[in-house]
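# Architecture and fold: a report
Okay, here's what each chain looks like letter by letter:
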Amino acid sequence: MQNHLFVETGGQELTALISYVRPAPDLVEILFLGTSPVVRHSGVMGRLLERFLAEEAGREIWLECREDNLTARDLYLKKGFHQVGRRPHYYRDGSAAILFNF
């Protein structure tokens, strides 16, 4: 399974990225979303996520995030993801993961 990147740049600098895999032709799993500290809370990730969702239209998309990452959870819900599950004690520190589907 090949890992793909979907990126946003500001000039020559990488400002945001989405790392994902396609385990099946109609399925996408987002592995990582990241934003440069310089552009956090500026809407860059929201715009990148919208472009990504348009690019992957017609495919089922899954992602997970830490339960305590309220900023990310709010963004995913705002962009149309649905919270579909919770994995207790998922991370090494005992934090839970929230599962999202689009």
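Residues numbered from 1 in each chain as written. Predicted model: local features only at pLDDT ≥ 70, side-chain atom pairs only at ≥ 80, totals over all residues. Heavy atoms only, no water.

### Considering the overall build of the protein
Note the threshold: For helices the rule is a DSSP run of H or I covering at least 4 residues; for strands it is a run of E covering at least 2, with both sets numbered from the N terminus onward. As defined in this context, the radius of gyration uses C-alpha atoms, and a globule is described by 2.2 Å times the residue total to the power 0.38. Under the scheme applied here, a residue whose accessible area is under 20% of the maximum for its type counts as buried, over 50% as exposed, and between as partly exposed, the area being computed with a 1.4 Å probe on protein chains only. The contact criterion used is simple: two residues touch if any of their non-hydrogen atoms lie within 4.5 Å. When charges are counted, neither His nor the chain ends are considered; positive counts come from Lys and Arg and negative counts from Asp and Glu. Lys charges are placed at NZ, Arg charges at CZ, Asp charges at CG and Glu charges at CD.
Counting secondary structure elements, the protein contains two helices and six strands. In the protein, the succession of helices and strands from N to C terminus is β-β-β-α-β-α-β-β. Taken against the 2.2 N^0.38 rule, which gives 13 Å for 102 residues, the C-alpha radius of gyration of the protein at 14 Å falls within 12% of a compact globule. By principal-axis analysis of the C-alpha atoms, the protein measures approximately 40 × 30 × 25 Å. Out of the 102 residues in the protein, the part that is buried amounts to 38%. Intrachain contacts of the protein at a sequence separation of at least 6 include 45% that bridge at least 24 residues. The average position of the 12 basic charges and that of the 13 acidic charges among the side chains of the protein differ by 2 Å.

### Some thoughts on the nonpolar core
For clarity, the threshold we go by: The set of buried Ala, Val, Leu, Ile, Met, Phe, Trp, Tyr and Cys residues whose side-chain atoms join them within 4.5 Å is what this entry labels a nonpolar core.
Among the nonpolar cores identified, the biggest contains 23 residues, and I18, I30, L33, L49, F52, Y76 and F81 are the most heavily contacted of them. Elements with a minimum of two residues in this core: strand 2 (13-24), strand 3 (27-35), helix 1 (44-55), strand 4 (60-66), helix 2 (70-78) and strand 6 (97-101).

### Considering helix 2
Basically, it comes down to this: By definition, the arc is the one covered by directions from the helix axis to the C-beta atoms.
Turning to helix 2, its buried residues number three or more, namely A72, R73, L75 and Y76. Each buried residue of helix 2 lies within a common arc of 160° when the element is viewed along its axis, so the set occupies one face. Seen from the open side of helix 2, the exposed residues pointing more than 90 degrees away from its buried face are L70, T71, D74 and K78. Buried residues in helix 2 make contact with strand 3, helix 1, strand 4, strand 5 (82-87) and strand 6. A positive backbone phi angle near 110° is found at G80, which sits one or two residues after helix 2.

### Considering the side chain of R73
Threshold: Every case where a carboxyl oxygen of Asp or Glu lies within 4 Å of a side-chain nitrogen of Lys or Arg is listed as a salt bridge.
Secondary-structure assignment places R73 in helix 2. For the buried R73, which has no salt bridge, the nearest side chain bearing the opposite charge is E67, at an N-O separation of 5.0 Å. If we ignore the near neighbours within four places in the chain, the residues touching R73 are C65, R66, E67, Q83, I98 and F100.

### Section: the pairing of strand 3
Keep this limit in mind: The rule for pairing is simple: two strands pair if DSSP sees at least two bridges between them.
In this structure, strand 2 lies alongside strand 3, joined through seven bridges in antiparallel fashion. Pairing of S19 across the sheet is with F32, part of strand 3. In sequence, strand 2 turns back onto strand 3 through a hairpin of two residues. Note that strand 3 and strand 4 share three bridges and pair parallel.

These values are about where atoms sit, not about what they do.
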